[in-house]
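Here's the letter readout for the chains.
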Amino acid sequence: MPNTNTKTPRRRGFLLSSIRWLLIGVVLLWALGALMLVAARWIDPPTTAVHIERRLQAWIHRTPYRERYKFGPLSQISADLQHAVIAAEDANFYQHHGFDWHQMQIAAEDDLEGERTRGASTITQQLVKNLFFGTGRSILRKGAEATLVPVAEFVLGKQRILEIYLNVVEWGPGIYGAEAASRYYDETAARNIGREQGARLAAILPAPLKRRPERMNSYSAIILERMGQMGW
């Protein structure tokens, strides 16, 4: 007859060992992400999780894919386009430290009432998601993202966060960053984008694979109004 008293401690020991190694793996992955954010203070990201995800999707579905991605300094992106993106995506960007708790509360209340019209993720949160997690949604992803957002705020600072975000964010099928978007949609450099053009480009960011700037009449008008309210 098998000795169950011997098997039970072995199973418990195996379970504890597995949990320990899992935790070590999680900590190592987090440390790698944090180190990559530190490096991003000086090194422009050559790619992101979203870029890789789109390439894989195109390969799996055997669809044509051309990537347009050119990283440029913030000084080469017009102030109007910068302001339009901030007004559209994160109006309190320069006031918060990575999380906009007020917008989170509003979004939660809108969810309860079934009237949610905009997200509560800050530009910093969106940057971390773009760099490391792709477009998927899960509680685990949100938790991991939340632990890296303060690191990004601390090591990068607002201007570098905005610079990287504007350069890596998805603006259409295979279109990444302000320079690529400006040349594709408006046939000009990002430094030449004006207020209305900037508002229309910012308007497609929530759904870049479905929206086109020329169709964003109503939302771009709202963004222009917000820019005016913010002194831009």
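Each remark here, short or long, concerns the structure printed above.
Analysis parameters
Residues numbered from 1 in each chain as written. Predicted model: local features only at pLDDT ≥ 70, side-chain atom pairs only at ≥ 80, totals over all residues. Heavy atoms only, no water. Helix = DSSP H or I, 4+ residues; strand = E, 2+ residues; numbered from the N terminus. Buried < 20%, exposed > 50% of the residue type's maximum accessible area, 1.4 Å probe, protein only. Contact = heavy atoms within 4.5 Å. Areas by Shrake-Rupley, 256 points an atom, 1.4 Å probe, with all protein chains shown as cover. Lys, Arg positive; Asp, Glu negative; His and termini not counted. Charge placed at Lys NZ, Arg CZ, Asp CG, Glu CD. Salt bridge = Lys/Arg side-chain N within 4 Å of Asp/Glu carboxyl O. Phe/Tyr/Trp six-rings, centres within 6.5 Å; stacked < 30°, edge-to-face > 60°. Lys NZ or Arg CZ within 6 Å of the ring centre and 35° of its normal. Polar contact = N/O pair within 3.5 Å; in protein donor to acceptor, adjacent residues only side chain to side chain. Core = buried A, V, L, I, M, F, W, Y, C linked by side-chain atoms within 4.5 Å. 1 Å grid on protein atoms, 1.4 Å probe; cavity = no way out; pocket = protein on both sides within 12 Å on 5 of 7 lines; lining within 4 Å. Points joined across faces, edges and corners; volume = space filled by probe spheres on them.

Draft legend 1. Structural detail: the overall build of the protein chain. A tally of helices and strands in the protein chain yields nine helices and three strands. Mapped in sequence order, the helices and strands of the protein chain form the string α-α-β-α-α-α-α-β-β-α-α-α. Seen through its C-alpha atoms, the protein chain measures out along the principal axes to roughly 80 × 40 × 35 Å. Sorting the 232 residues of the protein chain into buried and exposed places 42% on the buried side. When contacts within the protein chain are restricted to residue pairs at least 6 apart in sequence, long-range pairs at least 24 apart make up 68% of them. Accessible surface, the protein chain: about 13700 Å² in total, of which carbon and sulfur atoms supply 59%. Across the protein chain, the mean location of the 29 positive side-chain charges is 12 Å away from that of the 22 negative side-chain charges.

Draft legend 2. Region of the structure containing the pattern of salt bridges. Tallied over the entire structure, the rule returns 10 salt bridges. Ionic pairing is found between E145 and R141, a salt bridge with its closest N-O pair at 2.4 Å. Here R141 and E145 lie together in helix α6 (residues 139-168), a separation of four residues that amounts to about one turn. A single burial state applies to E145 and to R141, both of which are buried. Here the salt bridges do not stand alone but share partners, grouping D44, R160 and E163 into one network.

Draft legend 3. Region of interest: unusual backbone geometry. Even without a glycine there, the phi angle at R62 is positive, about 55°. Relative to the elements of secondary structure, R62 occurs in the loop between α2 (49-61) and β1 (68-69). One non-glycine residue, E187, lies in the positive phi region at around 55°. Within the fold, E187 resides in the loop between α7 (178-186) and α8 (195-203).

Draft legend 4. Layout of the packing of aromatic side chains. A full pass over the atoms with the stated rule returns four aromatic pairs. Both rings, one in F132 and one in F133, keep their centres 6.3 Å apart while their planes meet at 70°; by these two values the pair is edge-to-face. Above the ring of F93, the side-chain terminus of K158 is found at 4.6 Å from the ring centroid.

Draft legend 5. Up close: α7. Along α7, the residues that are buried comprise A178, E179, A180, A181, S182 and Y185. On its buried face, α7 sits against β1, α3 (79-89), α6, β2 (170-172), β3 (175-176) and α8. Remark: E187 follows α7 within two positions and exhibits a positive phi of approximately 55°.

Draft legend 6. Focus on the side chain of R160. With respect to the helices and strands, R160 occurs in helix α6. Taking relative accessible area as the criterion, R160 reaches 10% and is therefore assigned buried. Among the polar contacts listed, one links the side chain of R160 to the backbone oxygen of A40, at a separation of 2.8 Å. Ignoring sequence-local partners within four residues, the contact set of R160 consists of A40, R41, W42, I43, D44 and F71.

Draft legend 7. A look at the nonpolar core. If you look at the biggest cluster of nonpolar residues, it comprises 48 residues, and the most contacted ones within it are L156, W171 and I223. Listed by contribution, the elements that provide at least two residues to this core are α1 (4-39), α3, α5 (123-133), α6, α7, α8 and α9 (217-229). Tallying contributions element by element places α6 first for this core, with 12 residues. Those residues in contact with W171, other than ones at most four positions away along the chain, are L81, V85, L166, G177, A178, A181, Y185, L201, A202, I204, L205 and P208.

Draft legend 8. Seen up close, the layout of surface pockets. Approximately 320 Å³ is the volume attributed to the second largest pocket. V26, L29, W30, F133 and A144 are, among the 13 residues lining the second largest pocket, the residues nearest its centre. Those elements giving two or more residues to the lining of the second largest pocket turn out to be α1, α5 and α6. The element contributing the most residues to the lining of the second largest pocket is α1, with six residues.

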